[in-house]
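Coordinate analysis (summary)
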Amino acid sequence: MTAPARICQQDIDRAIKAVAKAGIDRARIVLDLENRKIEVIIGESVAAAAEPGDDYDAEDR
């Protein structure tokens with residue numbers, strides 16, 4: 001017999017729908033199956049936030 005799912009598809013769907021309903025453009029959903037946790041990380045990635053050039057381009061105008 002197999003073990004029951006720690007996190008089921010319905011839990012994942014709920015997390016995705018909650019992020020969309022909140023109007024969040026960028027989010028990462030992390031599933032911790034061992035501890036039965038779903039983490040939603042909101043915001044831009046570090047690489048996108050640290051792009052040089054945008055600030056300098058705005059100063060030149």
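Reading the values: the criteria
- Residues numbered from 1 in each chain as written.
- Predicted model: local features only at pLDDT ≥ 70, side-chain atom pairs only at ≥ 80, totals over all residues.
- Heavy atoms only, no water.
- Helix = DSSP H or I, 4+ residues; strand = E, 2+ residues; numbered from the N terminus.
- Buried < 20%, exposed > 50% of the residue type's maximum accessible area, 1.4 Å probe, protein only.
- Contact = heavy atoms within 4.5 Å.
- Expected span 1.5 Å × (residues − 1).
- Arc of directions from axis to C-beta.
- Pairing = 2+ DSSP bridges.
- Salt bridge = Lys/Arg side-chain N within 4 Å of Asp/Glu carboxyl O.

**Observations concerning the overall build of the chain**
- Within the chain, the secondary structure is distributed over 3 helices and 2 strands.
- Starting at the N terminus, the α and β elements of the chain follow one another as α-β-β-α-α.
- Each of the 61 residues in the chain was classed as buried or not, and the buried ones make up 8%.
- Look at the contacts in the chain between residues 6 or more apart in sequence, and 28% of them connect residues 24 or more apart.

**Section: helix α1 (residues 9–21)**
- The end-to-end C-alpha distance of α1, which contains 13 residues, comes to 18 Å, matching closely the 18 Å that a straight helix rising 1.5 Å per residue would cover.
- Regarding α1, the residues found buried are Ile-12, Ala-15 and Val-19. Looking straight down α1, one finds that the buried residues subtend no more than 60° of arc, so they occupy a single side. Opposite its buried face, α1 presents the exposed residues Gln-9, Lys-17, Ala-20 and Lys-21, each directed more than 90 degrees away.

**Considerations on the pairing of strand β1 (residues 27–32)**
- One ladder, built from 6 bridges, connects β1 with strand β2 (residues 37–42); its direction is antiparallel. By the bridge assignment for β2, Leu-31 is matched with Ile-38.
- Adjacent in sequence and paired antiparallel, β1 and β2 are bridged by 4 residues, among which Arg-36 carries a positive phi angle near 60°.

**As for the environment of Asp-25**
- Among the secondary structure elements, Asp-25 is positioned in the loop between α1 and β1.
- Classification of Asp-25 by relative accessible area gives exposed; the value is 77%.
- Remark: the alpha-carbon pair of Asp-25 and Glu-44, spanning 19 residues in sequence, is separated by 8.9 Å.

**So, the pattern of salt bridges**
- Enumeration according to the criterion identifies 2 salt bridges in this entry.
- One salt bridge connects Asp-11 with Arg-14, and the closest N-O pair in it is separated by 3.1 Å. With Asp-11 and Arg-14 both in helix α1, this residue pair falls 3 residues apart, about one helical turn.
- For Glu-39, the salt bridge goes to Lys-37, with nearest N and O atoms at 3.9 Å.
- Residue class for Glu-39 comes out partly exposed when judged on its relative accessible area of 36%.

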